[in-house]
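So you can see what is in the structure, the chains are spelled out below.
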Amino acid sequence: MKRKREMETKSEIRSAIEELSVLTKAQPDVNLDLAHIPTKPFLHVCTLVLQVLDKIGPTMAVLRQDIHQNIQRLEILCESDPTKYSNLIEMLKKEESEGNARKGSSCSKAFLWLTRSMDFTVALLQRLVKEPGQNMEQAVQESYNVTLKPRHGWISSAAFKVALKLVPDNKTFISLLMTKDQNHDSLKEDMQTLISLLVPLLEQIHSILRFYRLDRLKSS
């Protein structure tokens, strides 16, 4: 019961910070073929990021659905052999050896798009930390332009453009991110901490994605 109450009062950002402390213990290996990305902690962080994006509202519906489906795809694989797939790199190796990594609904592509979704989240948080009063629609658009848009086809880009009109104002979004015991300064501090943990992790993951030649894949 006590743990449940703690979960209710803890923000998604603070929960993500705690989970990332587990992930960041997996130090980058010079040999990317031997790198280690713990599956369950990574997917938990993705779930928490999904909850942050939910605060933006209907605009993120398409992205939210993609993230949820990609998380499920990786969870199913992990459950098929928890020991083997406790490291996401084993999944990349398997699909690469089978020649399926860049095809259809592969787990490798799910991993790729989850990473790109976190790129978007980091870019958005960085803008809100740098310019707290920035117009929310502009912040979301600029973050999308530098992360997801270059990899989206015209269908995905068109859907995002329509949904952008439903973005809440800055004040509403910030208030949704805060817990009852937080103020703007403590939220900003949490956002900066989350960014500082996510950026090096994402850099490591992008190096791995390049190693497996997944980094240039686009959607429809």
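Structure's up top.
The model shown is predicted, which means the values in this text are computed figures rather than measured ones.

**Thoughts on the overall build of the protein**
Thinking step 1. Helix and strand content of the protein: ten helices and zero strands.
Thinking step 2. Of the regular secondary structure in the protein, the N- to C-terminal order runs α-α-α-α-α-α-α-α-α-α.
Thinking step 3. Seen through its principal axes, the protein has C-alpha atoms that stretch 50 × 45 × 30 Å.
Thinking step 4. Here the protein holds 220 residues, and 47% of them are scored as buried.
Thinking step 5. At a minimum sequence separation of 6, the contacts of the protein that also span at least 24 residues come to 75%.
Thinking step 6. Here the protein displays about 11500 Å² of accessible surface, and carbon together with sulfur accounts for 53% of that area.

**Here we look at the environment of Met91**
Thinking step 1. Tracing the backbone through its elements, the reader meets Met91 in helix H5 (residues 88–98).
Thinking step 2. Classification of Met91 as buried rests on a relative accessible area of 1%.
Thinking step 3. When the C-alpha atoms of Met91 and Trp113 are compared, they prove to be 15 Å apart, with 22 residues separating the residues in sequence.
Thinking step 4. Excluding residues within four positions of it along the chain, Met91 makes contact with Leu74, Leu77, Tyr85, Cys107, Ser108 and Phe111.

**Focus: the packing of aromatic side chains**
Thinking step 1. In this structure the tally under the stated criterion is three aromatic pairs.
Thinking step 2. Their ring planes at 70° and their centres at 5.3 Å tell us that Phe42 and Phe111 sit as a pair that is edge-to-face. In this pair, Phe42 sits in helix H3 (residues 39–54) while Phe111 sits in helix H6 (residues 107–130), placing the two residues 69 residues apart along the sequence. Each member of the pair, Phe42 as well as Phe111, carries the same accessibility label: buried.
Thinking step 3. Here Arg116 stacks its cationic end above the ring of Trp113, 4.6 Å away from the centre of that ring.

**Structural notes on the pattern of salt bridges**
Thinking step 1. Taken as a whole and assessed by the stated rule, the structure comprises nine salt bridges.
Thinking step 2. Linking Arg14 and Asp190 is a salt bridge whose minimum nitrogen-to-oxygen distance equals 2.7 Å. Residue Arg14 is found in helix H2 (residues 12–23), and its partner Asp190 is found in helix H10 (residues 184–211); the two are separated by 176 residues along the sequence.
Thinking step 3. A relative accessible area of 24% places Arg14 in the partly exposed class.
Thinking step 4. Taking the shortest distance from any N to any O, the salt bridge between Arg127 and Glu142 comes out at 3.3 Å. Of this pair, Arg127 sits in helix H6 while Glu142 sits in helix H7 (residues 136–146), and the two are 15 residues apart along the sequence.

**Details of the packing of H7 against helix H8 (residues 154–163)**
Thinking step 1. Here H7 crosses H8 at 170°, and the two axes come no closer than 11 Å. Comparing their axes, H8 and H7 come out roughly antiparallel. Taken together, the residues of H8 that come into contact with H7 (itself represented by Val140, Gln141 and Tyr144) are Ser156, Ser157 and Phe160.
Thinking step 2. A breakdown of the residues in the contact of H7 with H8 according to their chemical character gives three nonpolar, three polar and no charged.

**Digging into the packing of H2 against H10**
Thinking step 1. Two numbers describe how H2 lies on H10: the axes approach to 10 Å, and their chain directions differ by 30°. Considering their axes alone, H2 and H10 lie roughly parallel with respect to each other. For the pair H2 and H10, the crossing hand works out as left-handed. Here H2 contributes Ile13, Arg14, Ala16, Ile17, Leu20 and Leu23 to the contact with H10, which in turn contributes Ser186, Leu187, Asp190, Met191, Thr193, Leu194, Leu197, Leu198 and Leu201.

Rules behind the numbers
Residues numbered from 1 in each chain as written. Predicted model: local features only at pLDDT ≥ 70, side-chain atom pairs only at ≥ 80, totals over all residues. Heavy atoms only, no water. Helix = DSSP H or I, 4+ residues; strand = E, 2+ residues; numbered from the N terminus. Buried < 20%, exposed > 50% of the residue type's maximum accessible area, 1.4 Å probe, protein only. Contact = heavy atoms within 4.5 Å. Areas by Shrake-Rupley, 256 points an atom, 1.4 Å probe, with all protein chains shown as cover. Phe/Tyr/Trp six-rings, centres within 6.5 Å; stacked < 30°, edge-to-face > 60°. Lys NZ or Arg CZ within 6 Å of the ring centre and 35° of its normal. Salt bridge = Lys/Arg side-chain N within 4 Å of Asp/Glu carboxyl O. Axes fitted to C-alpha atoms, helices over the stretch in contact; angles between N-to-C directions. Parallel < 35°, antiparallel > 145°, perpendicular 65-115°, else oblique. Nonpolar A, V, L, I, M, F, W, Y, C, P; charged D, E, K, R; others polar. Left-handed = near helix turned anticlockwise from the far one by under 90°.

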